[in-house]
Amino acid sequence: MTFLKNKLILTILLCSISIVLTKAQKVDPDELATFTAKYPEDQAIFLKYYEDIDIKISGDSLVVSSKHLKETLHLGNKSNVYAKDGIYSSSFYKNEKISARTLIPEKRKFKVIEVTEFKESFDKSSSVFYDDGKSINFIFPAVQPGAHTILEYEQKIKDPKFIGSFLFQNYLPIVHSKFTVTVDKGVDIRLDIINNEDNLVQKKTEDLSNRIKYTFECNNADKLKIEDDAPPIRFTAPHIAAIVQKFEANGSTHQVLSSADDLFSWYSTFIKGLKSGNYENIKKVLNEIIDPNDEELEKVKKIFHWVQNNVKYIAFEDGMRGLIPHNAEYVCDKRYGDCKDMASITVNMLNTAGIDAHFTWIGTRDIPYKYSEYPSPMVDNHMIATYINDGKYYYLDATSQYSSYKLPSSMIQGKEALIALDENSYEIQTVPVIDKSLNVKNDSSFYSLKDGSIVGLGKMTISGFPKVFNSYNMIKSSKKGLDDFMTQFMGRGNNKFFLDDYQIANLDDLEQPIEVNYKFRVEDYYRKIGSKIYFNMNLVKSLTDKIIDDERKQPIENEFNYIHKNTSVLQIPENYVVKHLPENVSYKNEVFGFDIQYIQQGDKIILNKQLYVDYLLLEKNQFELWNEGIKKLSDSYRDALILENEGA
């Protein structure tokens, strides 16, 4: 296993080509000035961004290859950040004929400097324990304003199911992008233009005797601006989704991906025998964790929590192992696995316990596609188990370590799930978006005023996804780390907040809300002028910094819908009376709302505040509605309580 701990570096030396003057491409003396004026804020642009797919019928199968060309014009003095480049390969994509070079303008011709050193390494990310994917990395030499860098390479695509998509927009401007697909007649391919509301992408079809060529082109595509909390690029950028549906060969029709039936027929081969496997180590675990008298739901809960607590999630992608789960016996012995392995052991344990459960493929919310629209591997990147009880679906995602068995993981809310009812049948169901009423942070506190400071105590309960997300920090932190996190999490008033004491309950009980009992101080918070105290009871002024800029282009993602509740009780100081009680304010719309109520009960002032956020993806046409609500909330926060000392 030593090779897994050290990055494998291979140096590929191409035939050395000395610096030459090319006669094929002439220098445009106005090019740099023209594009710098057009793109004053960009260090570089893509002049050409091309991909050509070729699909041929060979016997009873398809041969798929692609050619890629990317030409970059460097505009600014800092464009050398784009000198580093690379391409990806894996068991499914084999790179061939790689060529990279820099063209430097010299009077009327370009000086060409070929890249001669390419470094190949395993493409390991921090989230993947092992990945057979490789990246071939290199550095374009002599990058400077006016230089062109050109990358050309070819790929063999080993399975037509993995053709995927092509983007016409990127994080740099693209002057001209082109995607072509040339197929033998008899190949039925689906080519959908997505996110093309402005008709930037134009299509042309050519009949080439025994072949058909489809060309998609786009001119002068603006760069996609990087914005906080924006969804991945395929949610907004115009692109092509390419799916080979079927082909005719030797008098027969060969299905590839015409429908979800074809996709499931292929996927089902990956799980054959895994559900019903009979393993002694699985039986031993079940005997330890399940009581024979347990109700079925109780058994489901115990099995799911056992997998969460005892199988460590480690992503592992190695060719077809990126698609095929290990059996439950293997996962149980190793006590680690990826999402497929965790689904495999969950399904098998439930089945062994006499409970029917189902392998389920699903895409996370990073992917904009649905099985019902695009039955293809590009729809999914995840696997879970599904348990059905009296028509209710439980989406058991053990990679979400601190989730209740009643909740799906937040990253699959609203996504279509491809559920294997058995090895020969399936259904597609949509995972529900969890209602805001189940994702609640409820904070109640009682405090008094003393020498310019607030002194108080309180109790907070945290349920649903807020519990799941905060559990990671509460459970996995050191004592100091936990103290620091809790001080920040519970903070209120100003930067002189002190969390003097706290106790956390139900942290290990995944089915109960977290409870936090606490004592706190806030120094130098309120103003005392003469006989009057000016006091803002909104110690927590959440969301006031969330006004959306008018220039924002992209939607905004939210992890989950939620409600925050707050009850604050102020003990009125002795001899003081209320001179001004802030107004009650309420506001509601489809994505955001709040209700603030002030009540005087004897010598106490009670603030009841509740706000909700009700979107997973805030579209641009909802920005104005959101901003209107946040502005009203901010205005309401400014209204302060005024107390006066009658004896002064």
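Note: the structure precedes this text.
The rules behind each value
Residues numbered from 1 in each chain as written. Predicted model: local features only at pLDDT ≥ 70, side-chain atom pairs only at ≥ 80, totals over all residues. Heavy atoms only, no water. 1 Å grid on protein atoms, 1.4 Å probe; cavity = no way out; pocket = protein on both sides within 12 Å on 5 of 7 lines; lining within 4 Å. Points joined across faces, edges and corners; volume = space filled by probe spheres on them. Nonpolar A, V, L, I, M, F, W, Y, C, P; charged D, E, K, R; others polar. Salt bridge = Lys/Arg side-chain N within 4 Å of Asp/Glu carboxyl O. Helix = DSSP H or I, 4+ residues; strand = E, 2+ residues; numbered from the N terminus. Buried < 20%, exposed > 50% of the residue type's maximum accessible area, 1.4 Å probe, protein only. Pairing = 2+ DSSP bridges. Axes fitted to C-alpha atoms, helices over the stretch in contact; angles between N-to-C directions. Patch = residues over 30% accessible without salt bridge, like charges linked within 9 Å, V, L, I, M, F, W, Y side chains within 5 Å. Areas by Shrake-Rupley, 256 points an atom, 1.4 Å probe, with all protein chains shown as cover. Lys, Arg positive; Asp, Glu negative; His and termini not counted. Charge placed at Lys NZ, Arg CZ, Asp CG, Glu CD. Disulfide = S-S within 2.5 Å. Parallel < 35°, antiparallel > 145°, perpendicular 65-115°, else oblique. Left-handed = near helix turned anticlockwise from the far one by under 90°. Contact = heavy atoms within 4.5 Å.

A. Fine view of empty space enclosed by the protein. Across all of its chains, the model carries one cavity of 30 Å³ or more by this definition. Here the largest cavity defines a volume of roughly 50 Å³. Lining the largest cavity, in full, are Ser445, Arg492, Met537, Asn538, Leu539, Val540, Asn566, Ser568 and Lys609. Split by residue class, the lining of the largest cavity holds three nonpolar, four polar and two charged.

B. Quick look at the pattern of salt bridges. Overall, the coordinates contain 28 salt bridges when judged by the stated rule. Note that Lys70 is salt-bridged to Asp85, the shortest N-O span being 3.0 Å. With Lys70 in strand 4 (residues 61-74) and Asp85 in strand 5 (residues 84-89), the pair connects residues that are 15 residues apart, well separated along the chain. Asp85 matches Lys70 in its accessibility class, with the two residues each being buried. Here Glu152 makes a salt bridge to Arg101, at a shortest N to O gap of 2.9 Å. With Glu152 in strand 11 (residues 148-157) and Arg101 in strand 6 (residues 93-106), this residue pair connects regions lying 51 residues apart in the sequence. One salt-bridge network, held together by shared partners, links Asp54, Lys56, Asp184 and Arg211.

C. Representation of the layout of surface pockets. Taken as a whole, the second largest pocket spans an internal volume of roughly 1200 Å³. Together, 41 residues line the second largest pocket, and Leu543, Lys546, Asn558, Tyr562 and His564 are the ones closest to its centre. For the lining of the second largest pocket, the leading source of residues is strand 34 (residues 562-571), giving four residues. Each residue belonging to the lining of the second largest pocket can be placed in one class, and the counts come to 18 nonpolar, six polar and 17 charged.

D. The sheet that holds strand 31 (residues 527-529), seen in detail. What the four strands build is an open sheet, ordered 31-32-40-35; its pairing is antiparallel. Unpaired on one side and paired on the other, strand 31 and strand 35 (576-580) mark the two borders of the sheet. With direction set aside, neighbouring strand axes in the sheet form an average angle of 30°. Both strand 31 and strand 32 (residues 532-535) contribute to a ladder of three bridges, which runs antiparallel. Residue pairing across strands places Arg527 opposite Tyr534, the latter belonging to strand 32.

E. How the structure looks around a positive patch on the surface. A contiguous patch of positive charge on the surface is contributed by Lys67, Lys94, Lys97, Lys156 and Lys158. Position of Lys94 relative to the elements: it lies in strand 6.

F. Spotlight on the state of the cysteines. Per the counting criterion, the structure on display carries zero disulfides. Looking at Cys332, it has no disulfide partner, and the nearest cysteine sulfur is the one in Cys339, 19 Å off. Accessibility expressed as a relative area gives 4% for Cys332, which makes it buried.

G. Summary view of the packing of helix 5 (residues 296-310) against helix 7 (residues 339-352). Contact geometry of helix 5 with helix 7 gives a least axis separation of 10 Å together with a crossing angle of 150°. Comparing their axes, helix 7 and helix 5 come out roughly antiparallel. In this structure, helix 5 crosses over helix 7, and the sense of that crossing is right-handed. Along the contact surface, helix 5 presents Val300, Ile303, Trp306 and Val307, while helix 7 presents Met342, Ile345, Thr346, Met349 and Leu350. Residues of the contact of helix 5 with helix 7, tallied by class, amount to eight nonpolar, one polar and no charged.

H. Main features of the sheet that holds strand 36 (residues 585-588). Across the sheet, which stays open at both edges, the eight strands sit in the order 29-30-28-27-34-38-37-36 with mixed pairing between neighbours. In this open sheet, the two strands that pair with only one neighbour each are strand 29 (497-505) and strand 36. Each strand axis lies, on average, 15° off the axis of its neighbour in the sheet, ignoring direction. Across the sheet, helix 8 (residues 465-476) touches strand 27 (440-450), strand 28 (453-462), strand 29 and strand 30 (514-522), and the angle it forms with strand 28 is around 115°. Its contacts with the sheet place helix 9 (residues 479-490) against strand 27, strand 28, strand 29 and strand 30, and it is angled at close to 110° to strand 29.

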